[in-house]
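These are the residues of each chain, in order.
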Amino acid sequence: MKRIILAILILSAGTTVFCALRHNAGLTREALVEQQQVWQSATQQLVDVRITKQNITEHWSETKQRLAAQPPLPALTELAAKVLAGAAPEDFSTAEREQLLAELGFHWNTTGDYLIVSKKSLEAISFRSIRHAALTDAARAALAITPAEQTALEQMTARLEIERADWAKAHVQREEPSGLTVAKYTLPIDAALGQSQSNSFTGTVLATLGDERGKLFRDKSWGWMDAMGMLSGPEAAYANRPTTLEVKRYAADRDDLGYTLQQGYSMMSSSVLPWQPLPEAFRAVFPGGWPELAQREGFELPKEFKEVQTR
Amino acid sequence: MNQRQSDFEWLQQFARAGNQSAFRDLVRRHIDLVFATALRKVGDPGGAEEISQNVFSVLARKAWQFAPDDSLPAWLHKTALLESQAWLRGEMRRRRREQTAADLGTTMKTPDEQPAFRALVPLLDEALMSLREKDREVLLLRYYESQSLKEVGTALGVSDDTAQKRVKTALEKLSQFFQRRGFKSATVAATTAVLQHTASSATTATVSVVFNTALQAAPPAFVGIGAWLVRFASLTKLQTAAVCVAVSAIPVAWQISEHREAEAELRQMQNQVVAVQNEIEMLQTETVRLTEVTDRMEESLARSQEAAERVAETEQQFAAWKDSVRARLFAADYTWPDDLPFVRIPKAVLPELDVYQPVQLPGTIRTEARELLGLTPAEREAMEAAAQKHFTAMDELIESRRFGTNQARYTWVPKDALAMQVLSVPPLGDAVAERAAELKEAWRLVLGEERWPMIEAQLQNSGTHTLQRIFNLDGESSGQEVAVWLRQQDGMLTVAYSWGREGTSFSTSGRPLSLFLPDSPSEWTGQSNEDWLGGYNLPSAFTRPMLAWIQQQAELQLKKGDR
């Protein structure tokens, strides 16, 4: 009996342990099944995510290639936008003007009988606008002055030159030659006349040509106005000093001459030569130029004048 | 083989093979023990015989249950007691019905001649049952089966002496039991006497009856699972335990293995899940990042495409604008274009146009000169390279030939000058001609026959601002000099300079000397000291020492004045 009880006890214990283990194993198996389901679900999700990533990677790669294939925007766009926005001529920098010229294809070999220049450069380009009361070809061509405008301007300049000549003849001061000096003349300051003529000139020019061309024309007429005494006076940029012309021999034993023109603080010296015209300021007094002055003062002009006269 | 082993062997032969002979031997060996016990309990030989029959019938039925280590005498004694009690209960019920209870008392009486142990007899079986099985077995074999000490030793598988000691020990324990129950006179000897006097022997007829009765109660021989159970029942406790443990261990081990395997699979699966989830997370992160990057790229692409469309539109409009500009600038009825940055000039009037100092140090062609010449970028680059080369060469030439003097020959210096410096250079000869030829050739090559005359005139004309003077081309045959002087003018010290060569000179207006002090602003009437000195593009071989002299004079004259 004891053996049976012992056997039952041992077998019961074994059965209990077996059942417990079996139960645990069952739980573990259940957990395993759950994990397998989770794993299957996760694996499916992984496949989906991989497909998604593959798709997005392809899309990314394609977009990158498309982006890389985009041509760079031309630098001209900014300038073109500025032009199309209606920027004023003075709003363009030097570099922009040159770029525009290149864009337009303007250079010496492409423009035929004409040359295209910027208005800004035209301001710095010097040319005589008036010669003997008449507009020069350069002024008429560069500023596109019409015949009617030309007539109006030339009538005005002729009137002012006559006024100035009359005044110069009446007020020029002569000094007696001495030493190497063969002639010396001085035109005094007449601020009232200069101001009056300057006002008249500027008013007519601006009224005729408009603001832009009028200012350009006036700037190109600076030499003529200076010679006419319009730039002297208390309000002028130059000092209120008379204009003096002095003609001297370089040496007593030489026949070549030089002259010095003193205007304000500026002084210019050069040789007296046929191709070096008499300073404009004194042309009203000596319309015949160097020969008339030499005749008036009784000195010999350099030999170059005779050679020119002979030719 | 001892008695216990032979008892087990006989029981096995009887239970497995139905060996009656073996069972008969068992009955013969133990009938006295059973009979004596029953007789002592019931006091009736007929009842004792009936009880003996019952005991051996039970043995016959349960023979298969015995194990080698079981004590058959002990089991028979115990069973005999249980059967005796059952018999007595039945007998008492019968006699009560027959109202013969009084007779029963006489039946149980002990003979008068044995008064010393008479009182112990009723407690004898209780005392025997209180002993441990091996002690009880020793006494049962020695006294109820009338075995000698040698036989007892053989039955138990021990020596005679050991058997004697066990008998003695058992008797002492039995004696002590009686003494604990108040029988102070229950010595070992008295106890031995009780045992000896309560032993009885069954007759041969009783043996035969008991044997036959038991055989009738015996089950048939075991086969199949019965045989297996008999075999199992024949195992010792240790063997039984070992078999049961072994039987239990197999499924347990299997389940442990199953459990471990499942756990291992679970862990592996969990790791795989974690790995997959990590990969998912990583891929999702990467996908999000790529999506964001792609979105930004698409936005950029969209902006780029929009910009490209705008550019295309702008270019189209710009192209139209250019066509319009070209048409207007080359129209037969051309008029001044108020809204354009360009104007046209007939090439025929270009000789009347002039650019003040068209080339500047160190060789830059002025913008207006570039436009008047209609230069392309390549033409400009070539001309400026040639100009720079010429300026560098001329500067080195003048530097090498320059000398200081106190007499101005070609320049006009005012008589009231307070201090002056004259730097003179003699005619530079063929070196200038070579440089000039090189420059002219380079420019001519760039400009071509149509434009070259415009420049050639400037290169040939003498004057203060012509290219001939700027490039120093007339330095070949004529000496030149610069004079710089100080003069008191309008209440302040001024500085001016003059350049001249034979037949031509120019001079500047005065400039306050204080502008050349180290800490003073160099701007005056919108012109810096450097612009004032470089305004006529004199070679740096002249302007460098001039500036040094002026700065020295500023320090000297103005600091002296302060002092």
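Higher on the page you've got the structure.
Residues numbered from 1 in each chain as written. Chains lettered and ligands numbered in written order. Predicted model: local features only at pLDDT ≥ 70, side-chain atom pairs only at ≥ 80, totals over all residues.

Caption draft 1: Molecular detail of the overall build of chain A. What chain A contains, in helices and strands, is 10 helices and 9 strands. By the burial criterion, 28% of the 311 residues in chain A qualify as buried. For chain A, long-range pairs separated by at least 24 residues make up 57% of all intrachain contacts whose partners lie at least 6 apart in sequence. (Helix = DSSP H or I, 4+ residues; strand = E, 2+ residues; numbered from the N terminus. Buried ≥ 20, exposed ≤ 12 C-beta atoms within 10 Å, placed from the backbone. Contact = placed C-beta atoms within 7 Å.)

Caption draft 2: Representation of the packing of helix 2 (residues 20-42) of chain B against helix 12 (residues 204-217) of chain B. All names here are of chain B. In contact at an axis separation of 10 Å, helix 2 and helix 12 are set at 125 degrees when each is read in the N-to-C sense. Judged by the inter-axis angle, helix 2 sits oblique to helix 12. The two elements helix 2 and helix 12 cross, and the hand of that crossing is right-handed. Residues Gln20, Phe23, Arg24, Val27, Arg28, Ile31 and Phe35 of helix 2 lie in contact with helix 12, whose contacting residues are Thr206, Val207, Val210, Phe211, Ala214 and Leu215. For the contact of helix 2 with helix 12, the residue count by class is 9 nonpolar, 2 polar and 2 charged. (Axes fitted to C-alpha atoms, helices over the stretch in contact; angles between N-to-C directions. Parallel < 35°, antiparallel > 145°, perpendicular 65-115°, else oblique. Left-handed = near helix turned anticlockwise from the far one by under 90°. Nonpolar A, V, L, I, M, F, W, Y, C, P; charged D, E, K, R; others polar.)

Caption draft 3: Inspection of the environment of alanine 127 of chain B at higher detail. On the secondary structure map, alanine 127 of chain B appears in helix 7 (residues 121-130). Through-space distance from the C-alpha of alanine 127 of chain B to that of leucine 174 of chain B is 6.0 Å; in sequence the pair is 47 residues apart.

Caption draft 4: Quick peek at helix 3 (residues 94-104) of chain A. For helix 3 of chain A, every residue scored as buried is listed here: Arg97, Leu100 and Leu101 of chain A. Down the axis, helix 3 of chain A shows its buried residues gathered within 100 degrees of arc, on one side only. (Arc of directions from axis to C-beta.)

Caption draft 5: Inspection of the nonpolar core at higher detail. Formed by 104 residues in total, the largest nonpolar core has its most connected members in Val117, Ala139 and Ala142 of chain A together with Leu372, Val482, Ala483 and Val484 of chain B. Looking at this core, the element that brings in the most residues is helix 17 (residues 430-460) of chain B, giving 7 residues. Those residues in contact with valine 117 of chain A, other than ones at most four positions away along the chain, are Leu122 of chain A together with Phe342, Val343, Ile345, Glu371 and Leu372 of chain B. Counting residues in hydrophobic clusters, the runner-up holds 60 residues, among them Ala15, Ile31, Leu128 and Phe211 of chain B. (Core = buried A, V, L, I, M, F, W, Y, C linked by C-beta atoms within 7 Å.)

That's the geometry; what it means functionally is another story.
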